[in-house]
Amino acid sequence: MKSFRVGWLSSAFGVKAMIIFSIPFILILAFLGYHRWQDSSAGCISCHANKEQMKRLGYPQFYVTREMVEKQSRHSDIQCRDCHLGNGRAKDADSAHKGMLKVLLVSEEGTILDRKKVYPEALLPTGNDKIMELLPKVEKNGRFYLLSDVRNVLWHDRDPGTLNFDPKIAEKTCGKSGCHSDQLKQFRTSIMARNYRQRTMRTWLEPYGPHNCGPSFADLLPPEVLNSAGFSFKNTGAIAEELDVPFTKKQAIAKQRFCNVCHAGCLDCHYTPSNKDGVHSFTRKPPAESCDGYGRGTSICHPGAMQSRRGETYIGGDYSIPTGEEPDVHYKKNIQCVDCHPTGDGGMGHIQRKAICQDCHVGIEDTHAKGIHKNLDCSTCHVNELRGYQITIWGPGIVAGRPNPFNKFSLYYGIQKPPILMKDQKGIWMPVKVWPHSVGNIKEDVKPSPRIMFRWPNGETRDAYYIIGTVDGLPADNRQLLWLEIEQAAHPFGKARSCESCHESGTQVSVSTWRFEDDQGAEPFSGTYRIVADKDALRIVGMRNTTPIKLIGGAKLADFASWIYLKDRWKAPGDFSIMADREKYKRFLSLSREVEKQLARLDALSKGFDKKTMRRYKEMKGAVLHDEEGALKMIDEFKSRHRL
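Now for a description of the structure that goes with this document. Counting of residues starts from 1 at the beginning of each chain's written sequence and follows it residue by residue. With the structure being a predicted model, the display of local features is reserved for residues of pLDDT at least 70 and the display and counting of side-chain atom pairs for 80 or more, all residues being used for whole-chain, interface and lining totals. Side-chain measures here rest on the full set of heavy atoms in the structure, leaving out hydrogens and waters.

Here we take up the sheet that holds strand E14 (residues 525–533). Read across the open sheet, the 5 strands follow the order E7-E13-E14-E15-E16; overall the sheet is antiparallel. Here the strands that pair on one side only, and so sit at the sheet edges, are strand E7 (412–417) and strand E16 (571–573). Strand-to-strand twist across the sheet, computed as the mean angle between neighbouring axes with direction ignored, equals 20°. The criterion for strand pairing is that DSSP finds at least two bridges linking the strands in question. The secondary structure listing takes helices from DSSP runs of H or I that are at least 4 residues long and strands from runs of E that are at least 2 residues long, numbered from the N terminus. Pairing of E14 with strand E15 (residues 537–545) involves 6 bridges; the strand directions are antiparallel. Across the sheet, the residue bridging to Arg-530 is Val-541, located in E15. Throughout, an axis means a line fitted to C-alpha atoms (over the contacting stretch in the case of helices), and angles, computed between N-to-C directions, take values from 0 to 180 degrees.

Okay, here's the thing in structure tokens:
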């Protein structure tokens, strides 16, 4: 057998062949080594961790050490480049910051502002207005004032061109290999990431009628998996075909970019900068404030869909529109949105729309399911008023600094109470917010809806609408398409409304009072109307302004206040009354009064209950209030058991 000798390969193949054979391996090793060397944040740290140098450069607010970032972000061994990209080995600022992701400050014109010039400070909460606390401000005499040229603050995972969440950016940062790639993969298939419901709305009439948010002007068609953040003009042409005025791609883009601001990405939920935890603070479980835009104003995340559109609030206070509404009782108990609306089987971002009250209120749900109100959802009794938009008029105005046929005049902010109650697709009563809409310059006549129409008949949502049809004869912006927006409300939970508020009369009446606060059209003015739901129709009546309207900027009334000419045209035929057997109602009302008296006596005695007895009393009380027929029996059994 031939013995092994050192250098036998070179003898067998020759030195030249060995060199050629080795070159690819050397190149691969060199590439991997360079990539590893380049994938470093040494340059970032050497600059930003030098407090004196950052002070000398004029940016002491951006002093940060690696230890600070790891502690604040709760990400160990994290590199600056993992989140910010850029060149972590560069020696000069320009090279280091090239390609780096940055916070986007969006102007009223839709442009991306130069942060160095506009607001070079660290973005941390300032001022006392919670829903605005992360928006840039200037301090004067101890008070903070919003910078008028900043409309929105968007985080690093947005496309600067479209303002959409960009999954390609997320692939390089949050969702890159070794980080949260599985979560990004799950998120990209979710309703939230795909913006599926909004992107389904192709025109004002297709596929399911007009919507408060308008159609998807220039957005992508609803994808099965989110792969990009661009524009699509397939809808734009179809929308233009419905109009008798021009609607260009530029105008569609201007509308779409501001629409895109509202919809969420990774950082909108999990990035939580604060004065306590620092500018690099992240959270695994988003707080309720993150769902509500985390202090970045009223046009991002749920302040748009929840506070403004549905008129709800969960957090209350500054996080209600108008401000000052009581928080949901669950928020007062430190229950966050995702506690009741967790992720479903699809994983990250697949938030369950319907909350399951039984997870906490087992006894109440069981008794409610057997009681006389079993065909009501919980919010039917426990939501007492709805705020936000009270009128929405789509008309000519300025969008992103230029004329546009589709400016949304929706800042008719106010309160309607009590909420109108209506049956959903499955015959379950629910509270709804009802308010009038119109859009002008529609080309063809549109017929009324045959009935109240649910946008998603299979129950994916419980929102509805009714098209009144098109109306002519206004001084401008003819023909007007009118509809009633009817949106389910689920918050804020509070004390139950009274029996009389539903059953004293078969006719429901809700009063809306509002104030117009848009910066186009007119100076602020106030008004009111009533929503009447009876055996004949659901209708808006008595719509009027209660203070004078003073036009500004050459506006026409028809542009932003077409209701002046249309008044009581918003009417949907049908039976919307709450009918009850009068004798049965009287009997249960008397029973309810007796239950209230008995519980009042027990409330007084409960001050002396031990913890165990108090827990049982609360469980019994909850069951009693949701099962009228068995209420007195349950009270007697409790009193007997505890010898009261």
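That covers the picture; the talk isn't over yet.
Quick look at helix H14 (residues 249–261) now. To estimate the expected span of a helix, subtract one from its residue number and multiply by 1.5 Å. For H14, with 13 residues, the first-to-last C-alpha span of 19 Å sits near the 18 Å given by 1.5 Å per residue. Classification of residues uses two cut-offs on accessible area relative to the type maximum, computed with a 1.4 Å probe and protein chains only: under 20% is buried, over 50% is exposed, and between them is partly exposed. Summarising burial for H14: 10 of the 13 residues are buried, a large majority. Listed in full, the buried residues belonging to H14 are Gln-251, Ala-252, Ala-254, Lys-255, Gln-256, Arg-257, Phe-258, Cys-259, Asn-260 and Val-261. A contact between two residues is defined here by any heavy atoms of the two lying within 4.5 Å. Contacts from the buried residues of H14 go to strand E1 (104–106), strand E4 (152–154), helix H13 (234–241), strand E5 (392–399) and strand E6 (402–409).

Working definition of a nonpolar core: buried Ala, Val, Leu, Ile, Met, Phe, Trp, Tyr and Cys residues. They are joined through side-chain atoms within 4.5 Å. By size, the foremost hydrophobic cluster in this structure holds 44 residues, and its most contacted members are Tyr-412, Met-422, Leu-538, Phe-560, Trp-563 and Trp-570. Ignoring sequence-local partners within four residues, the contact set of Phe-560 consists of Ile-393, Phe-409, Tyr-412, Phe-516, Gly-521, Ala-522, Phe-525, Ile-549, Leu-551 and Ala-555. Counting 24 residues, the second largest nonpolar core, distinct from the first, contains Leu-147, Val-153, Ala-288 and Cys-291.

What follows covers the pairing of E14. By the criterion of burial, E14 is predominantly enclosed, with 8 of the 9 residues buried. Of the strand pairs in this sheet, strand E13 (residues 508–516) and E14 are connected by 9 bridges, and their pairing is antiparallel. The partner of Ser-510 across the bridge, within E14, is Ile-531. Hairpin remark: E14 followed by E15, antiparallel, with 3 residues in the connecting loop.

The topology assignment puts Glu-444 in the loop between strand E9 (429–439) and strand E10 (453–454). We classify Glu-444 as exposed; its relative accessible area is 53%. When the C-alpha positions of Glu-444 and Glu-241 are compared, they lie 9.7 Å apart, and in sequence the two are 203 residues distant. Setting aside residues up to four positions removed in sequence, Glu-444 forms contacts with Thr-470 and Arg-479.

In this section: helix H17 (residues 302–310). Each α-helix winds once per 3.6 residues, and so residues spaced three or four apart point in a common direction. In terms of residue burial, H17 counts as a mostly covered element, since 7 of its 9 residues are buried. Looking at H17, one finds that the buried residues are Pro-303, Gly-304, Met-306, Gln-307, Ser-308, Arg-309 and Arg-310. Considering only its buried residues, H17 is in contact with helix H16 (288–291), E7, E9 and strand E12 (480–488).

Moving on, we come to the pairing of strand E2 (residues 137–140). Examined bridge by bridge, E2 and strand E3 (residues 143–146) share 4 bridges and lie antiparallel to one another. Within E3, the residue paired with Glu-139 across the bridge is Phe-144. Count of turn residues in the E2/E3 antiparallel hairpin: 2 residues, of which Asn-141 carries a positive phi of about 55°.

So, on to the packing of helix H25 (residues 582–605) against helix H26 (residues 611–624). Where H25 meets H26, the closest approach of the two axes is 12 Å, and the angle between their N-to-C directions is 170°. By the angle between their directions, the pair H25 and H26 is classed as roughly antiparallel. Residues Val-595, Leu-599, Leu-602 and Asp-603 of H25 touch H26, and the partners they reach there are Tyr-617, Met-620, Lys-621 and Val-624. Its residues placed into classes, the contact of H25 with H26 shows 6 nonpolar, no polar and 2 charged. Small angles under 35 degrees read as roughly parallel and large ones over 145 as roughly antiparallel, with 65 to 115 read as roughly perpendicular and the rest as oblique. Note on residue categories: nonpolar means Ala, Val, Leu, Ile, Met, Phe, Trp, Tyr, Cys or Pro, charged means Asp, Glu, Lys or Arg, and polar means any other residue, Gly included.

The working definition used for a salt bridge is a side-chain nitrogen of Lys or Arg within 4 Å of a carboxyl oxygen of Asp or Glu. Following the criterion strictly, the structure yields 25 salt bridges and no others. Between Arg-387 and Glu-325 there is a salt bridge; the shortest N-O distance is 3.5 Å. Here Glu-325 lies in the loop between H17 and helix H18 (329–332) and Arg-387 lies in the loop between helix H21 (378–382) and E5, a separation of 62 residues in the sequence. Like Arg-387, the residue Glu-325 is buried in the burial classification. Several salt bridges share partner residues, and in doing so they unite Arg-309, Arg-310, Asp-463 and Glu-487 into one network.

Turning our eyes to something else, we now look at a negative patch on the surface. The grouping of Glu-108, Glu-109, Asp-149 and Asp-519 at the surface amounts to a negative patch. If you trace the backbone, Asp-149 turns up in the loop between E3 and E4. Patch members must show over 30% relative accessible area and no salt bridge, and they are joined within 9 Å when carrying like charges or within 5 Å when they are nonpolar side chains of Val, Leu, Ile, Met, Phe, Trp or Tyr. Only the protein chains shown count as cover for residues, and all accessible areas are computed by the Shrake-Rupley method using a 1.4 Å probe. Asp and Glu are treated as the negative residues and Lys and Arg as the positive ones, with His and the ends of the chain left uncounted. Each charge is placed at NZ for Lys, CZ for Arg, CG for Asp and CD for Glu.

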